Amino acid sequence: NNTKNSKMSLAVSKEVVEKIVSQYYKEKNNENIYLQISSWCTVKGYHGFAKFFKEQSKEEALHAEKFYDYLVERRLQLLTPKNFKYEIISVTSVEDALQKSLQKEKETSKSILEIYDLAEDKKDRYTCQFLDWFISEQVEEENQFTDLINQLKNMKSDSSLMYMDKHIGKEK
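Every value quoted in this text rests on a predicted model; they were computed, and no experiment measured them.

Caption draft 1: Up close: the overall build of the chain. Of regular secondary structure, the chain possesses five helices and zero strands. What you see in the chain, going N to C, is helices and strands ordered as α-α-α-α-α. Expressed along its principal axes, the backbone C-alpha trace of the chain runs to roughly 65 × 35 × 20 Å. Counting across all 172 residues of the chain, residues that qualify as buried make up 42%. Across the chain, contacts joining residues at least 24 apart in sequence account for 79% of those joining residues at least 6 apart. Accessible surface, the chain: about 10300 Å² in total, of which carbon and sulfur atoms supply 50%.

Caption draft 2: Just unusual backbone geometry, in detail. The phi dihedral of R75 falls on the positive side, at around 65°, and the residue is not glycine. As for its placement among the helices and strands, R75 is situated in the loop between helix 2 (47–73) and helix 3 (94–121). Located in the positive-phi region is K123, a residue other than glycine, with phi close to 60°. The residue K123 is located in the loop between helix 3 and helix 4 (125–153) in this model.

Caption draft 3: Structural context of the environment of E15. Relative to the assigned elements, E15 resides in helix 1 (residues 14–43). For the pair E15 and L118, spaced 103 residues apart in the sequence, the C-alpha separation amounts to 8.0 Å. Among residues more than four places away in sequence, those in contact with E15 are L118 and K122.

Caption draft 4: Quick look at the packing of aromatic side chains. According to the stated counting rule, one finds 14 aromatic pairs in the structure shown. Centre to centre, the rings of F84 and Y86 are 5.1 Å apart; their planes meet at 75°, and the pair counts as edge-to-face. Here F84 falls in the partly exposed class, since its relative accessible area comes to 27%. The exposure class of Y86 is partly exposed, given its relative accessible area of 41%. Grouped by ring-pair contacts, the aromatic residues F67, Y70, F130, W133 and F134 constitute a single cluster. In this structure, K66 packs its charged tip against the face of W133, placed 4.3 Å from the ring centre.

Caption draft 5: Spotlight on the pattern of salt bridges. Enumeration over the complete set of coordinates arrives at nine salt bridges. For the salt bridge of E15 with K122, the shortest nitrogen-to-oxygen distance reads 3.7 Å. One end of the pair, E15, is in helix 1; the other, K122, is in the loop between helix 3 and helix 4, and 107 residues separate them in sequence. The class of E15 is partly exposed, set by a relative accessible area of 37%. According to the relative accessible area criterion, K122 is partly exposed, its value standing at 36%. K58 serves as the salt-bridge partner of E55, at 3.4 Å between the closest nitrogen and oxygen. With E55 and K58 both in helix 2, this residue pair falls three residues apart, about one helical turn. By relative accessible area, which is 26% here, E55 ends up partly exposed.

Caption draft 6: Expanded view of the nonpolar core. Membership of the largest hydrophobic core comes to 23 residues, with the highest contact counts inside it found for I37, C41, F49, F53, V94 and L98. If you list the elements that add at least two residues to this core, you get helix 1, helix 2, helix 3, helix 4 and helix 5 (158–168). When residues in this core are grouped by element, the largest group, five residues, is from helix 1. Residues contacting C41, with those up to four places away along its chain left out, are Y46, H47, F49, A50 and F53.

The rules behind the values
- Residues numbered from 1 in each chain as written.
- Predicted model: local features only at pLDDT ≥ 70, side-chain atom pairs only at ≥ 80, totals over all residues.
- Heavy atoms only, no water.
- Helix = DSSP H or I, 4+ residues; strand = E, 2+ residues; numbered from the N terminus.
- Buried < 20%, exposed > 50% of the residue type's maximum accessible area, 1.4 Å probe, protein only.
- Contact = heavy atoms within 4.5 Å.
- Areas by Shrake-Rupley, 256 points an atom, 1.4 Å probe, with all protein chains shown as cover.
- Phe/Tyr/Trp six-rings, centres within 6.5 Å; stacked < 30°, edge-to-face > 60°.
- Lys NZ or Arg CZ within 6 Å of the ring centre and 35° of its normal.
- Salt bridge = Lys/Arg side-chain N within 4 Å of Asp/Glu carboxyl O.
- Core = buried A, V, L, I, M, F, W, Y, C linked by side-chain atoms within 4.5 Å.

Purely spatial values, then, with no claim about function.
The structure is reproduced here in structure tokens:
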């Protein structure tokens, strides 16, 4: 083991810590957004989609928890940014909800890749390794929403939407 020549740092740079903390709050925001969408679906009678989005919300909470656990494992404190506020989202249809969710997932993917690139630049391989799971997860999330949007676009009637609503709540 040639650690003397290795440039890998056990410390996490201030910039990486700030990005990880920011990502924690982005995940919490996404959790809240999916709850808002779930609520809208319930009010509109799309109970399957409501259940689906509530499950998505729980996944986002788990993602945030992973970031929290990583910070604590690295002996870093989670501090709340001064200007943190939950985003308010409004949706007009199931397709709109799915489109906005896909956009959020793309933003999340971009953010995680930015953290990865920064950690790589800082030779912080521990953070890179930690983020590998999130990168794979984001591919799954984006594909899931893309597939649902495509399925919805191929539907010919409102009864098809109701069929999809009935079955989506059983998938997760």
